[in-house]
Structure formats: C-alpha cells, structure tokens
Amino acid sequence: MQNQSNNIPSGIVQSTISPSEALFLLNRDVAANQLQTYRSNNEPILMTSLSGMPIGDKVYSLTAGSRGPILLQDTYLLDELGQFNEEKIPERCSYGKGSGAFGFFQCTTDIGSTLTRAHFLDTRNKQTPIAIRFSRFRSELGSSDTIRDIRGMAIKFYTDCGNFDLICNHLPVFFIRDPILYPSLVHSQKRNPVTNLFDYDAYWDFLTLRPETTHCLVLLYSHRGIPNGYRYMNSYSVNTYKFLSRDDDISYVRFHIKSNQGISSIDPTKALVLAGLDSDYATRDLYNTICIKKELPSWTVCIQQMNEQEMKNSSFDPFDTTKIWPKTYYPLIALGTITLNRLPSNHFSEIEQLAFSPANLVPGIELSQDKMLQARVFAYSDAQRYRLGKNYGQLPVNRPLNPIANNYRDGYMCLNNQNGSPNYFPNSFHGATTSYRFKETIYSVEGNVARYECSNDNDDFNQVKTFYRQILSPDERINLARNLAKSLALTQQFICKRALENFSNIDQDLVNDIQHFLNLQRPTKMEDSGIQTDLERKI
C-alpha cells in the first residue's frame, strides 16, 4: 500500500527519535549505528527492478487467487530468488575472512630514488592511493577475529605506472619455503573433510613432519600470536623482492610495515571470551576507529636491503621464507607512511572483490629467486580468475589509475573492450605497443634440473633458538610453553612426542616446560607409541 499523503513507498516507517532512543544510540559504537546514520542522511527512494522499472508491491507474490499457485510471470519474485542464489562468490581457500579500508602512502624520503625506479618511492611527500585488506590465514567467513593465527595485510598501491600489490603477514617468517607444500599446509589447518571439524592431529602431524615450520610455530604461539586487532600489529613481506635502480644496480629487499600505534596483543583467555562475545572484534575496531577519525591508523613502510654480493655470500639463504634477515647486518630503511582514512562504501564491492596478486608489479620492482614468491605469482592470479572471472582487473577497486592497453578481450562481465583497438600484436594500426625501457633485468641461471631443498643450509633452529633465548623474557617463555601445551594436549601422543623432539633443538628448558603443562592436563605419563609410519622414519 502506498502512503499517498507523504508519497512514501510501503515498507518505509517514519518516526522521530525520542530522548531515550537518542541516548541509546549515543552509547552504541558507530558501526552498530550504520543503518541509523544512513536513514539520517538520506530520503526514502522508490524501489525499482534491475532494469529500472518502478515496483508497486514487494511484499506479496503474484498468484492466481488468494490460495492459487504462484505465476511464472512474477518477474519480481524470480529476480528476488535468482539474485539471492548468486549473491556469494567462492570463498578464498586461505585468508577467507577479511576486512579493509582505503588511504594513502606518503613517501617521506628521497632515498628511494637511489634504490629503485619505482615512481611512488622516488619523491619526498609524494602521495599514492592505497587499499588494504586484513585477514587471518586459516579463517573462513564467520570465524572469530581473535583466534591464534597468522594475520594477513595485503596492500594495493595505485601508482601512476600500474598497481603494486604487496602481500604481507604479521609474522616475519612463514611455515614453509617450498610452494609444493602449500596446499597440504592449508588442508591440515582447515576442517577435516570427513568430520567437518578442525583436526588437531592433522594440524600437528603436518607441522611436526616439517621441522622448518618450527620458527613460525614458536612465533605464533608466543605473545605475538593474537594481535589486539589489526591496528596494533606489524606486517612483513616475508618474500624477497628485487629492486632495480636508475643506474641498473640490483638489490634485494624485504618489506617491513611497522605499526605507528605500537604493538599490542590479547591475552589468550580474553581472546577466547571475545571469540564468543564478539567474533568480529578486529573488524569492529578498525571500522569504528576510521569512522570516528580521531586517530587514523598508520604504519611506516621500511625495507631491509641486500646487494648482490651480500646475497651470494650470505651465511643463510636470503630467499628462505622460514628465516629472517638479522637487523644487525641489514638495518631497516624507512621509505614512507601508510595512513587509512576511508572505509569501504560497500564491503562486498570494495573488499570481497579486492583482488591481490604478487604478479602485480611496477617498473623498478621485480621478482627474485624466492620460490614461494614465484609460485604465488600464478596461484593468486589464478584464484582471482576462479573467484571473480577473467575480467576481475576491470572492477573499479582493482582497476589501475593509468589506462590499460593489451590484447585481452571479452569474457564474462567485460567492462572495457578498449574502444576498437587491435586485439593482436604486432599490428600496424596504432594498437598497444611495447617499450624496451621496461624490459626485465637479465640474470644468469645454471645447474641441473632436479627437485632441490629450497634452503642452502639445513639449520631450521638457529634463528628460533636466538628468539627464544635472547628475545623472550622468562615470563614470555613460560607463556609460550603453556600455549603450545594447550594445543598439543589435543593431539595423539606420538605426534606430541615428535613435536617435543623438534622443540628440543631450540632449548631443553622449553621441552621441560611444555612437558610440565602437558602433565597438568594429562595426568598419566606419556608413553612411547608404536604408531609410527615408514614415511616418518624416513623423514
């Protein structure tokens, strides 16, 4: 029914806010008042179909008589159901749940011009628009923000020479260094395909069979494992990139994104409470902070740099994603500041469809020999084609600032077919062309084709030993052991024993402390289990 006196469509209720309601709204956070904010800032509008036709009734289906069957000609009903069926797109296999915001990167130094040809790093005070998506590694849509897990921080720089995607984690190392293990890593940390439950046996079985995961594991189960939202955490590229200067000098870099709010973590007990009370804790914190605009979150973008000779002479593999670069030898170089100042106008359009790939580079930044990075170049782009279609780069949030010119055409949801330019190369009709200035650097490769261990050393414990003995305080070591024991207590004893054997390579005190907390949860003495596979014995 139409309200003729006010010309307001049915379903719209107008009311003034009483003083008690106003006080109630005032005491809620800004995220909870999103709908009220919209109502306050907008007038009622007339509902239309997809084609723009005004709709007269959207409450009742079209039927033959009051008790008759629904008619196929009810296009409003068909559109309502059909659109609902296809509202969701495939969830990311990892880093499934996320939130994000927009802002800018401001270069704060001229030193970038001596390190790389990348335009967005070459001039002091130059600003570049950015988008950031925060996420959690083994999360799925609807999961809690306060689970102990790796956090992701993917940054898209909209530069004048294309988009540069920098994909970071909140820990400086990762579990593995060979990409062929990545699907198994994710499978072991996701739901068991039979029970549809998280499986501690699978989780710890995989991790303990691969000792290189120990460094990341110890960091994850330390106080760094549960950041207090997204604002109070650093982030690291983990992967190694190649910088090319204007003088054709090559160097290798790792990015560090340092929180200007400081580092803060959540106590594990409080994190469990928050998981039940507010599973969107980090998402809500980010939204409210930016919406209020009192203290806009910001980070300082830094790099560690290594020249070619240092790379060749390094005592560790600089492309090993399970190892850090010691700051004593490779100090941080600050390049600029990231500030977030705008929330997405719609989460799905601008965050769920925000697509990242390490393949998105700009002149002056190239891929290194980092095997994990090289594999991600394919995996990320392929995942976006699966989730969003081949034309995902044409979506407004993914579109670069500079014009696009290439031979790619058509496909689902094509928004730009490039105005009739030739779709082949080379051509004689002023189509897209190339420039020698943007060719990749040349480097030599030699060796036999084989399946090599990624790292040039077999030391999986030296760096984590330093972290445990020199970085952690005595109380933090106890908390680390307690956190590990709580998780290990939920797996089988032969897997637990294998974990303790790995941790014994760090420090026997750590093993003793874990065993102490395990005994508190397992009153019987742990006995050796005969369940050991041939594969385990070989490994």
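Residues numbered from 1 in each chain as written. Predicted model: local features only at pLDDT ≥ 70, side-chain atom pairs only at ≥ 80, totals over all residues. Heavy atoms only, no water.

Our next topic: the packing of aromatic side chains. If you walk through the whole model with that rule in mind, you get 24 aromatic pairs. Summarising the aromatic geometry, the rings of Phe120 and Phe164 are spaced 5.9 Å apart at their centres and angled 40 degrees between planes, so their arrangement reads as tilted. Residue Phe120 is located in the loop between helix H4 (112–115) and strand E2 (127–136), and its partner Phe164 is located in strand E4 (residues 162–169); the two are separated by 44 residues in the primary sequence. Each of the two residues, Phe120 as well as Phe164, counts as buried. Relative to Trp204, the ring of Tyr203 lies with its centre 5.4 Å away and its plane at 85 degrees, an arrangement referred to as edge-to-face. (Phe/Tyr/Trp six-rings, centres within 6.5 Å; stacked < 30°, edge-to-face > 60°. Helix = DSSP H or I, 4+ residues; strand = E, 2+ residues; numbered from the N terminus. Buried < 20%, exposed > 50% of the residue type's maximum accessible area, 1.4 Å probe, protein only.)

Right, let's talk about the side chain of Gln463 for a bit. Summarising the element assignment, Gln463 is placed in helix H13 (residues 462–471). Of the residues examined, Gln463 reaches a relative accessible area of 18% and is grouped as buried. Once you skip the residues sitting within four places of it in the chain, Gln463 turns out to touch His215, Lys323 and Ile324. (Contact = heavy atoms within 4.5 Å.)

Glancing now at the layout of surface pockets. Its boundaries defined by the atoms lining it, the largest pocket holds a volume of some 2,100 Å³. Contributing elements (two or more residues each) for the lining of the largest pocket: E4, strand E10 (365–367) and helix H12 (371–388). Ranked by residue count, the leading element in the lining of the largest pocket is E10, at three residues. Classifying every residue of the lining of the largest pocket gives 20 nonpolar, 19 polar and 11 charged. (1 Å grid on protein atoms, 1.4 Å probe; cavity = no way out; pocket = protein on both sides within 12 Å on 5 of 7 lines; lining within 4 Å. Points joined across faces, edges and corners; volume = space filled by probe spheres on them. Nonpolar A, V, L, I, M, F, W, Y, C, P; charged D, E, K, R; others polar.)

In this model H12 runs 26 Å from its N-terminal to its C-terminal C-alpha over 18 residues, within 8% of the 26 Å that 1.5 Å per residue would give. Along its length, H12 shows its largest kink, about 25 degrees, at Val377. Of the positions making up H12, those classed as buried are Met372, Leu373, Arg376, Tyr380, Ser381, Gln384, Arg387 and Leu388. Residues of H12 that are buried sit in contact with E4, strand E6 (241–244), helix H11 (347–352) and E10. For H12, the side-chain oxygen to backbone nitrogen distance between the N-cap and Met372 is 3.0 Å, and the N-cap itself is Asp370. One or two residues past the end of H12 sits Gly389, with phi positive at roughly 95 degrees. (Expected span 1.5 Å × (residues − 1). Bend = angle between axes of the 7 residues up to and from the residue. Polar contact = N/O pair within 3.5 Å; in protein donor to acceptor, adjacent residues only side chain to side chain.)

Contact geometry for helix H6 (residues 200–209) and helix H14 (residues 474–488): axes closest at 10 Å, N-to-C directions at 120 degrees. Considering their axes alone, H6 and H14 lie oblique with respect to each other. Every residue of H14 that contacts H6 at Tyr200, Tyr203 and Trp204 is listed here: Leu484, Ser487 and Leu488. Classifying every residue of the contact of H6 with H14 by side-chain character gives five nonpolar, one polar and no charged. (Axes fitted to C-alpha atoms, helices over the stretch in contact; angles between N-to-C directions. Parallel < 35°, antiparallel > 145°, perpendicular 65-115°, else oblique.)

Under the domain assignment, the protein is made up of domain 1 (98–400) and domain 2 (472–521). The distance between the C-alpha centroids of domain 1 and domain 2 comes to 29 Å. Counting from both sides, the interface comprises 15 residues of domain 1 and, opposite them, 17 residues of domain 2. For the pair domain 1 and domain 2, the summed buried area comes to about 1,500 Å², and 65% of that belongs to carbon and sulfur atoms. Summed over the three residues of domain 1 that lose the most area to domain 2, namely Trp204, Thr208 and Tyr221, the buried surface amounts to 36% of that side. Here domain 1 and domain 2 share one salt bridge between them. (Domains from an automatic or database assignment. Buried area = accessible area lost by both parts, 1.4 Å probe. Salt bridge = Lys/Arg side-chain N within 4 Å of Asp/Glu carboxyl O.)

All right, on to the pattern of salt bridges then. Pairing between side chains becomes possible if they bear opposite charge and their charged atoms approach one another. Considering all chains together, one arrives at 22 salt bridges under this definition. Across the pair Arg191 and Glu140 runs a salt bridge whose closest N-O atoms are separated by 2.6 Å. Of this pair, Arg191 sits in the loop between helix H5 (182–189) and H6 while Glu140 sits in the loop between E2 and strand E3 (151–159), placing them 51 residues apart in sequence. Given a relative accessible area of 40%, Arg191 falls into the partly exposed group. Taking the shortest distance from any N to any O, the salt bridge between Arg387 and Glu352 comes out at 3.2 Å. Within this pair, whereas Arg387 is found in helix H12, its partner Glu352 is found in helix H11, the two being separated by 35 residues in sequence. Of the two residues, Arg387 and Glu352, neither departs from the other in class, the shared state being buried. Within the structure, one salt-bridge network assembled from shared partners comprises Arg177, Asp320, Lys323, Glu453 and Asp460.

A few words now on unusual backbone geometry. Note the cis peptide between Phe425 and Pro426, where omega equals 0 degrees. Here Pro426 lies in the loop between H12 and H13. Phi is positive for Tyr95, close to 55 degrees, though the residue is something other than glycine. Looking at where Tyr95 falls in the secondary structure, it is placed in the loop between helix H3 (75–85) and strand E1 (98–107).

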